[in-house]
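# Observations on the three-dimensional arrangement
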Amino acid sequence: MSEQIVNVQENKEEPKKRIFSGVQPSGVLTLGNYLGAIKNWVTLQDDYECLYCVVDLHAITVRQVPADLRKHTQEALALYIACGIDPEKSCVFVQSHVPAHAELSWVLGCNTMFGELSRMTQFKDKSQKHADNVNAGLFTYPVLMAADILLYGTDLVPVGADQKQHVELARDIAGRFNGVYSDTFTVPEPFFVKTGMKIYSLTDPTKKMSKSDPNPKSYVSIIETRDETIKKIKSAVTDSDTAVRYAQGKDGINNLMSIYSSFTGKGYDEIEREFDGKGYGEFKAAVGEVCADGLESVRNEYARLVKDKAYLEEVMKKGADTASYLARKTLSKVYRKVGFYSVK
Ligand code: AQP
């Protein structure tokens, strides 16, 4: 039995709230994943019992090159740790290492309505983007996400604004299951931070920054070089105005202000004052600098960790043990409630 399992049981008297979140290894993680998700995960580790997963089952809803998927899975885990997730405090694991995710997903799928899934905006977006591969997994993706969350009795799900609709669906599915089969699942809440909630593409600031965007100029990868980051931000699409201010219709500048704010902690008014009378060029250079500086320690730590395959695999195994133990308990309860025959 791993140390984390022991901690989970010892804390029974005053249980901390539980958090689950994950990122797909569908590319190299971006500034959007960092500011919208992982940076916040780090701050939650002391106050919550956290499970952070590399969600590779989700990634195959879009065609992946198998060798790249394996590589990105290991890289994502290394990046979690490089960003400050401590595997001694949080359970860090790979989704496909815990079969209960796929198993619960089937049961929940039988308690999710076709109409509910049809309304998911991510499905609509992704089926347009991948029109040649609108597979059933892409459609049922939110059910698997509900299984990820509900397996662990999750109280809070820290996600970017783009995932809010999926967390709401997980709440609906949990509520429905509890209503039909009696109280089984904790109904989770989404958990947001103020700034950095949604980071937009540098080449089209009306679209979310995505790691699978075919144009690498559209995103800042967490592990690219300092010069690359500065260069990409300098060439970010803005508008024909010259004043650095947060306003409707200035999507590119709003996005850069949000990035600047996330790294410096400064509010939009303060940023507007700082760059009053200065042009976009100076502002973009400053955003590039704070961003490259803010990611420097992550880049260095990542470069060290990614070479240590033995350590990363040890973390994966230990995480999968802890997660499987917790997940099995929920799955057994669910199987009993729906009436599956069990043999002792
Ligand atoms: N641009 C973003 N701004 C804020 N948060 C973001 N997240 C992703 N992009 C942004 C947050 O990162 C977490 C994990 O995301 P994911 O990788 O599981 O899926 P995604 O949201 O579909 O991310 P990508 O980068 O756009 O992946 P692809 O390109 O594969 O679709 C979530 O908490 C998400 O909110």
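Bear in mind that the values here come from a model prediction, so they are computed numbers and not experimental data.

## Re the environment of Val 62
- Within the fold, Val 62 resides in the loop between helix H3 (56–59) and helix H4 (66–83).
- Once the C-alpha coordinates of Val 62 and Ser 127 are considered, the two residues, 65 residues apart in sequence, prove to be 9.6 Å apart.
- Each residue touching Val 62, except ones within four places of it in the same chain, is listed here: Lys 126, His 130, Asn 133 and Leu 138.

## Here we look at the domain arrangement of the protein
- When cut into domains, the protein gives domain 1 (2–191 + 309–338) and domain 2 (216–305).
- Placing a centre on the C-alpha atoms of domain 1 and another on those of domain 2 gives a separation of 30 Å.
- Listed by partner, the interface residues are 15 residues for domain 1 and 15 residues for domain 2.
- Between domain 1 and domain 2 lies a buried interface of about 1,300 Å² when both sides are counted; carbon and sulfur atoms form 79% of it.
- On the domain 1 side of the contact with domain 2, Leu 31, Tyr 34 and Ala 82 bury the most area, a combined 37% of that side's loss.
- At the boundary of domain 1 and domain 2, one finds 3 residue pairs in polar contact (both at pLDDT 80 or more).
- Sorting the residues of the side of domain 1 that touches domain 2 by element identifies helix H2 (31–44), H4 and helix H14 (309–338) as the ones contributing at least two each.
- For the side of domain 1 that touches domain 2, the leading source of residues is H4, giving 6 residues.
- Among the residues making up the side of domain 1 that touches domain 2, the classes are represented as 12 nonpolar, 1 polar and 2 charged.

## Describing the packing of helix H10 (residues 226–234) against helix H13 (residues 280–305)
- With their axes 8 Å apart at the nearest point, H10 and H13 run at an angle of 150 degrees to one another. Accordingly, the angle class assigned to the pair H10 and H13 is roughly antiparallel. Crossing hand, H10 versus H13: right-handed. Contacts between H10 and H13 pair Arg 226, Thr 229, Ile 230, Ile 233 and Lys 234 from the former with Lys 284, Ala 285, Val 287, Gly 288, Glu 289, Cys 291, Ala 292, Asp 293, Glu 296 and Arg 299 from the latter.
- When its residues are assigned to classes, the contact of H10 with H13 shows 6 nonpolar, 2 polar and 7 charged.

## As for the site of the ligand
- Taken together, 21 residues lie around the ligand, and Ser 26, Lys 208, Ser 210, Lys 211 and Ser 212 are the ones closest in.
- At 3.1 Å, a backbone N or O of Gln 24 approaches an oxygen atom of the ligand.
- If the ligand stood free it would expose 630 Å²; the protein chains cover 98% of that surface.
- Broken down by secondary-structure element, the contributors of at least two residues to the shell around the ligand are strand E1 (18–23) and H2.
- If one sorts the elements of the shell around the ligand by residue count, H2 sits on top with 4 residues.
- Within the shell around the ligand, the residues separate by chemical class into 6 nonpolar, 10 polar and 5 charged.

## Brief notes about the pairing of E1
- With respect to burial, E1 is a largely interior element, 5 of its 6 residues being buried.
- Examined bridge by bridge, E1 and strand E2 (residues 49–54) share 6 bridges and lie parallel to one another. What sits directly across from Arg 18, in E2, is Glu 49.
- Note on the crossover from E1 through H2 to E2: the handedness is right-handed.

## Here we look at unusual backbone geometry
- With a phi close to 80 degrees, Ser 182 is a non-glycine residue in the positive phi region.
- If you trace the backbone, Ser 182 turns up in the loop between helix H9 (164–181) and strand E5 (189–191).

## So, H9
- Its 18 residues place the ends of H9 26 Å apart at the C-alpha level, agreeing with the 26 Å of an ideal helix rising 1.5 Å per residue.
- Those residues of H9 that sit buried are His 166, Val 167, Leu 169, Ala 170, Ile 173, Ala 174, Phe 177 and Asn 178.
- Count one or two residues on from H9 and you reach Ser 182, which has phi positive near 80 degrees.

## Let's talk about the nonpolar core
- Among the nonpolar cores identified, the biggest contains 56 residues, and Leu 31, Ile 38, Leu 77, Tyr 80, Ile 259, Phe 263 and Phe 283 are the most heavily contacted of them.
- Looking at this core, the element that brings in the most residues is H13, giving 10 residues.
- No fewer than three residues from each of domain 1 (2–191 + 309–338) and domain 2 (216–305) sit in this core.
- Once residues within four sequence positions are removed from consideration, Leu 31 is found in contact with Gly 36, Ile 199, Met 209, Val 220, Ile 222, Ile 259, Phe 263, Cys 291 and Leu 295.
- Membership of the second largest hydrophobic core comes to 41 residues, among which are Cys 53, Leu 104, Val 107 and Val 143.

## Things to note about H13
- With 26 residues, H13 extends 37 Å between its outermost C-alpha atoms, agreeing within 8% with the 38 Å of an ideal straight helix rising 1.5 Å per residue.
- By the largest-angle criterion, Glu 296 marks the main kink of H13, which is about 40 degrees.

Quick notes on the rules
Residues numbered from 1 in each chain as written. Predicted model: local features only at pLDDT ≥ 70, side-chain atom pairs only at ≥ 80, totals over all residues. Heavy atoms only, no water. Helix = DSSP H or I, 4+ residues; strand = E, 2+ residues; numbered from the N terminus. Contact = heavy atoms within 4.5 Å. Domains from an automatic or database assignment. Buried area = accessible area lost by both parts, 1.4 Å probe. Polar contact = N/O pair within 3.5 Å; in protein donor to acceptor, adjacent residues only side chain to side chain. Nonpolar A, V, L, I, M, F, W, Y, C, P; charged D, E, K, R; others polar. Axes fitted to C-alpha atoms, helices over the stretch in contact; angles between N-to-C directions. Parallel < 35°, antiparallel > 145°, perpendicular 65-115°, else oblique. Left-handed = near helix turned anticlockwise from the far one by under 90°. Near = heavy atom within 4 Å. Areas by Shrake-Rupley, 256 points an atom, 1.4 Å probe, with all protein chains shown as cover. Buried < 20%, exposed > 50% of the residue type's maximum accessible area, 1.4 Å probe, protein only. Pairing = 2+ DSSP bridges. Right-handed = clockwise from strand over helix to strand, strands pointing away. Expected span 1.5 Å × (residues − 1). Core = buried A, V, L, I, M, F, W, Y, C linked by side-chain atoms within 4.5 Å. Bend = angle between axes of the 7 residues up to and from the residue.

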